[in-house]
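# Descriptive structure summary
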Amino acid sequence: EVAVGDALRGAKMFQRVNTPVLGIVENMSWFECPHCGKPSALFGTGGGERLATELGLPLLGQVPFYPKALEAADRGEPIVVADPQSSAARALMSLAANVRAATPSPSGP
């Protein structure tokens with residue numbers, strides 16, 4: 001709930017200064033056991049959805065806590081390259097597609 005409150009204050013601040021917010025991303029939504037693959041909600045559930053609803057914004061994605069992503073990052077390798085079939089990589093690819101869809105196209109010649 002503390003993280004939801006922080007994110008709410010941040011979003012409200014952006015609204016006050018007329019900075020568009022595309023949506024909400026819930027980070028560390030769950031931890032996937034490396035042995036059995038079972039997800040565990042370490043920090044509760046539904047915070048991102050509640051925040052998105054309260055702000056009238058889309059929930060763009062939920063990204064799991066995935067320790068191998070940290071290890072890959074330390075090697076300079078994105079998890080979408082290091083372990084593209086992982087739940088974290090799939091969540092990030094989905095998030096990227098949602099951000100792209102929510103981003104207004106630049107007008108040009």
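Check the entry above for the structure.
What you see is a predicted model, and the numbers here were worked out from it, not measured in a lab. (Residues numbered from 1 in each chain as written. Predicted model: local features only at pLDDT ≥ 70, side-chain atom pairs only at ≥ 80, totals over all residues. Heavy atoms only, no water.)

### A few points about the sheet that holds strand β3 (residues 59-65)
- Overall, mixed pairing links the three strands, which are arranged β2-β1-β3 in an open sheet. The open sheet terminates on both sides in strands that have one partner only, identified here as β2 (39-40) and β3.
- Sheet topology note: the strand β1 (residues 24-32)/β2 ladder contains two bridges and is antiparallel. Looking across to β2, one finds that glutamate 32 is bridged to proline 39.
- Taken strand by strand, helix α2 (residues 47-55) contacts β1 and β3, and its axis lies near 170° from that of β1.
- Contacting β1 and β3, helix α5 (residues 87-102) runs over the sheet at an angle of about 160° to β3. (Pairing = 2+ DSSP bridges. Helix = DSSP H or I, 4+ residues; strand = E, 2+ residues; numbered from the N terminus. Contact = heavy atoms within 4.5 Å. Axes fitted to C-alpha atoms, helices over the stretch in contact; angles between N-to-C directions.)

### Focus on the nonpolar core
- Counting residues in hydrophobic clusters, the biggest one holds seven residues: Leu8, Ala11, Ile24, Leu51, Ala52, Leu55 and Leu57.
- Those elements giving two or more residues to this core turn out to be α1 (2-16) and α2.
- With three residues, the single largest contributor to this core is α2.
- Residue contacts for isoleucine 24: discarding those within four places in its chain leaves Gly48, Leu51, Ala52, Leu55, Leu57, Pro58, Leu59, Leu60 and Gly61.
- If you look at the next biggest cluster of nonpolar residues, it comprises five residues, including Tyr66, Ala72, Ile79 and Ala88. (Core = buried A, V, L, I, M, F, W, Y, C linked by side-chain atoms within 4.5 Å. Buried < 20%, exposed > 50% of the residue type's maximum accessible area, 1.4 Å probe, protein only.)

### Here we look at unusual backbone geometry
- One non-glycine residue, asparagine 18, adopts positive backbone phi at about 55°.
- Position of asparagine 18 among the secondary structure elements: in the loop between α1 and β1.
- On the basis of relative accessible area, asparagine 18 is assigned to the exposed category, the value being 70%.
- The phi dihedral of methionine 28 is positive, around 55°, even though this residue is not glycine.
- Tracing the sequence through the fold places methionine 28 in strand β1.

### Let's talk about α1
- Compared with an ideal rise of 1.5 Å per residue, which puts 15 residues at 21 Å, α1 spans 21 Å between its outermost C-alpha atoms and is within 8% of the ideal.
- If you check which residues of α1 are buried, you get Gly5, Leu8 and Ala11. Burial along α1 is one-sided: seen end-on, the buried residues are contained in an arc of 125°. Of the exposed residues in α1, the ones pointing more than 90 degrees away from its buried face are Val2, Ala3 and Arg9.
- Tucked into the core, α1 has its buried residues touching α2. (Expected span 1.5 Å × (residues − 1). Arc of directions from axis to C-beta.)

### Some points on the packing of α1 against α2
- Where α1 meets α2, the axes come as close as 10 Å, and the angle between the chain directions of the two elements is 25°. Relative to α2, the element α1 lies roughly parallel. For the pair α1 and α2, the crossing hand works out as right-handed. Every residue of α2 that contacts α1 at Val4, Ala7, Leu8, Ala11, Lys12 and Gln15 is listed here: Gly47, Leu51, Glu54 and Leu55.
- Split by residue class, the contact of α1 with α2 holds six nonpolar, two polar and two charged. (Parallel < 35°, antiparallel > 145°, perpendicular 65-115°, else oblique. Left-handed = near helix turned anticlockwise from the far one by under 90°. Nonpolar A, V, L, I, M, F, W, Y, C, P; charged D, E, K, R; others polar.)

Everything listed here is a matter of coordinates, which is why it stays silent on function.
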